Amino acid sequence: MENKEYAEALTLLTDLVREVRRLDDKLLLVDIDLLESKLHFSLRNLPKAKAALTAARTAANAIYVPPAQQATIDLQSGILHAEEKDYKTAFSYFFEAFEAFSALDDPRAIYSLKYMLLCKVMTSQADDVAGLISSKAGLKFTGVDLDAMKAVAEAYSKRSLKDFETALSMYKDQLGEDPIVHRHISSLYDTLLEQNLCRLIEPFSKVEISHISELIGLPMDTVESKLSQMILDKKFAGTLDQGAGCLIIFDDSMTDGIFATTLDTISNISKVVDSLYLRSAKIMA
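Residues numbered from 1 in each chain as written. Predicted model: local features only at pLDDT ≥ 70, side-chain atom pairs only at ≥ 80, totals over all residues. Heavy atoms only, no water.

- The chain appears in an unreviewed UniProt entry as PCI domain-containing protein from Ceratopteris richardii.

Structure follows, in structure tokens:
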């Protein structure tokens, strides 16, 4: 797994599970199910990752599980919930894992805290990040990892794309090398970019792409690509005139309620006609 040979790891794990089930070693089975969940998550197979985690929980409920192992289960639960964008539930799992790891002086406590801070940013509660870092539990882990999350939270609070990019380049190791943080930070960057672009194009009905590029401080190709994606995703109504290098924004078309009402009326008339036809058919018979 550490060598990223996930398929080979799963093959080895399948044989191991069979032997451990024969031995009925529940504690080892919990470890194996957890590892299987992590492998499936790495392969982006979320349903199987959740199924393996459920199996680990079921095995853990039948026996006494050491606090470190229970914290590992909570940490994995939080990661899977965060992947499903359920950040509030993920935060509660990360908090449980953090408390357990912190009490045991386990180095994984810092990861749990990082993911807690990430959840706060993802739920637009970036202002709470500074409070968590300066709390009694947070001060114990003060360092570059928490500084990275604080910089991301501050950039998000200001809705500043420039500050966000500065944080990403300054804390490249802390934000880029952790695959879980990296995945969610990338999603956050896209959201922030969309919000900034929507704010910039709002006053215009027609604007040069080069002008938007200057305002937002990003390369023209990146801006053009993102605008075309936003138009396809129906984030706003408009079109790109690539010949003139312009973005044309359409006014929001108001939906007239009379059309829906007319369709309902026609549908009801159709039912009445069908009913009358059936009655006339019975009379004629």
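## Here we look at the side chain of Glu83
Then, in step 1: Inspection of the secondary structure assignment puts Glu83 in helix α4 (residues 67–83).
Then, in step 2: Overall, the relative accessible area of 15% leaves Glu83 in the buried class.
Then, in step 3: In terms of polar contacts, Glu83 uses its side chain to reach the side chain of Arg183, at 3.3 Å.
Then, in step 4: Residues in contact with Glu83, not counting those within four places in the same chain, are Phe41, Arg44, Leu46, Arg183 and His184. (Helix = DSSP H or I, 4+ residues; strand = E, 2+ residues; numbered from the N terminus. Buried < 20%, exposed > 50% of the residue type's maximum accessible area, 1.4 Å probe, protein only. Polar contact = N/O pair within 3.5 Å; in protein donor to acceptor, adjacent residues only side chain to side chain. Contact = heavy atoms within 4.5 Å.)

## Considerations on helix α2 (residues 26–42)
In an α-helix there are 3.6 residues to a turn, and that puts residues three or four apart on one side.
Then, in step 1: Taking 1.5 Å of rise per residue, the 17 residues of α2 would be expected to cover 24 Å, and the 24 Å separating its terminal C-alpha atoms lies within 8% of that figure.
Then, in step 2: Within the sequence span of α2, burial applies to Leu29, Val30, Ile32, Asp33, Leu34, Ser37, Leu39, His40 and Phe41.
Then, in step 3: Its buried side turned inward, α2 meets α1 (6–23), α3 (46–61), α4 and α12 (179–201).
Then, in step 4: Near the N-terminus of α2, the side chain that reaches the backbone nitrogen of Leu27, with its oxygen 3.4 Å away, is that of Asp25.
Then, in step 5: Note on α2: the residue one or two positions beyond its end, Arg44, has a positive phi of about 65°. (Expected span 1.5 Å × (residues − 1).)

## Quick notes on helix α14 (residues 220–232)
Then, in step 1: With 13 residues, α14 extends 18 Å from end C-alpha to end C-alpha; this agrees with the ideal 18 Å at 1.5 Å per step.
Then, in step 2: Among all positions of α14, only Val223, Glu224, Lys226, Leu227, Met230 and Ile231 are buried. For α14, the buried positions fall inside an angular range of 165° around the axis, keeping them on one side. Those residues of α14 that are exposed and angled more than 90 degrees off the buried face are Asp221 and Leu232.
Then, in step 3: On the buried face of α14, the contacting elements are α12, α13 (209–216), β2 (238–241) and β3 (246–249).
Then, in step 4: Looking one or two places after α14, you find Lys234, whose phi comes out positive at around 60°. (Arc of directions from axis to C-beta.)

## A few points about the pattern of salt bridges
Then, in step 1: Taken as a whole and judged by the stated rule, the model has 13 salt bridges.
Then, in step 2: A salt bridge links Lys235 to Glu194; the shortest N-O distance between them is 2.9 Å. Pair noted here: Lys235 is in the loop between α14 and β2 and Glu194 is in helix α12, with a separation of 41 residues, a long-range link.
Then, in step 3: We classify Lys235 as partly exposed; its relative accessible area is 43%. (Salt bridge = Lys/Arg side-chain N within 4 Å of Asp/Glu carboxyl O.)

## Comments concerning the sheet that holds strand β1 (residues 206–208)
In any sheet, the strands associate via hydrogen bonds between backbone groups, in a parallel or an antiparallel arrangement.
Then, in step 1: Pairing is antiparallel across the open sheet formed by three strands, whose spatial order is β1-β3-β2. Whereas interior strands pair on both sides, the edge strands pair on one side only; in this sheet they are β1 and β2. Across the sheet, the mean angle from the axis of one strand to that of its neighbour is 20°, orientation sign disregarded.
Then, in step 2: When β2 meets β3, the two strands line up antiparallel, connected through four bridges. Across the sheet, Gly238 pairs through a bridge with Ile249, a residue of β3.
Then, in step 3: Contacting β1, β2 and β3, α13 runs over the sheet at an angle of about 70° to β1. (Pairing = 2+ DSSP bridges. Axes fitted to C-alpha atoms, helices over the stretch in contact; angles between N-to-C directions.)

## A word on the side chain of Lys226
Then, in step 1: Within the secondary structure, Lys226 sits in helix α14.
Then, in step 2: Ignoring any residue separated from it by four or fewer positions in sequence, one finds Lys226 in contact with Asp190, Leu193, Glu194 and Leu197.

## Some remarks on the pairing of β3
Looking down a regular strand, the side chains alternate between one sheet face and the other.
Then, in step 1: Bridge count for β1 against β3 is three bridges, and the pairing is antiparallel. By the bridge assignment for β3, Lys206 is matched with Ile248.

## As for the packing of aromatic side chains
Then, in step 1: On inspection of all chains with the given rule, the structure shows three aromatic pairs.
Then, in step 2: Both rings, one in Phe94 and one in Tyr115, keep their centres 5.3 Å apart while their planes meet at 50°; by these two values the pair is tilted. Linking Phe94 in helix α5 (residues 87–103) with Tyr115 in helix α6 (residues 109–122), this pair joins segments that are 21 residues apart in sequence. Taken individually, Phe94 and Tyr115 each receive the classification buried, so the pair is uniform in this respect.
Then, in step 3: Judged by centre distance (5.9 Å) and plane angle (45°), the rings of Phe164 and Tyr189 are tilted. Highlighted residues: Phe164 in helix α10 (residues 161–170) and Tyr189 in helix α12, separated in sequence by 25 residues. The residues Phe164 and Tyr189 share a single accessibility class, namely buried.
Then, in step 4: For the cation-ring pair, Arg44 lies above Phe41, with the distance from its terminal atom to the ring centre recorded as 5.8 Å.
Then, in step 5: The ring of Phe91 has Lys120 lying over it, and the distance from NZ or CZ to the ring centre is 4.8 Å. (Phe/Tyr/Trp six-rings, centres within 6.5 Å; stacked < 30°, edge-to-face > 60°. Lys NZ or Arg CZ within 6 Å of the ring centre and 35° of its normal.)

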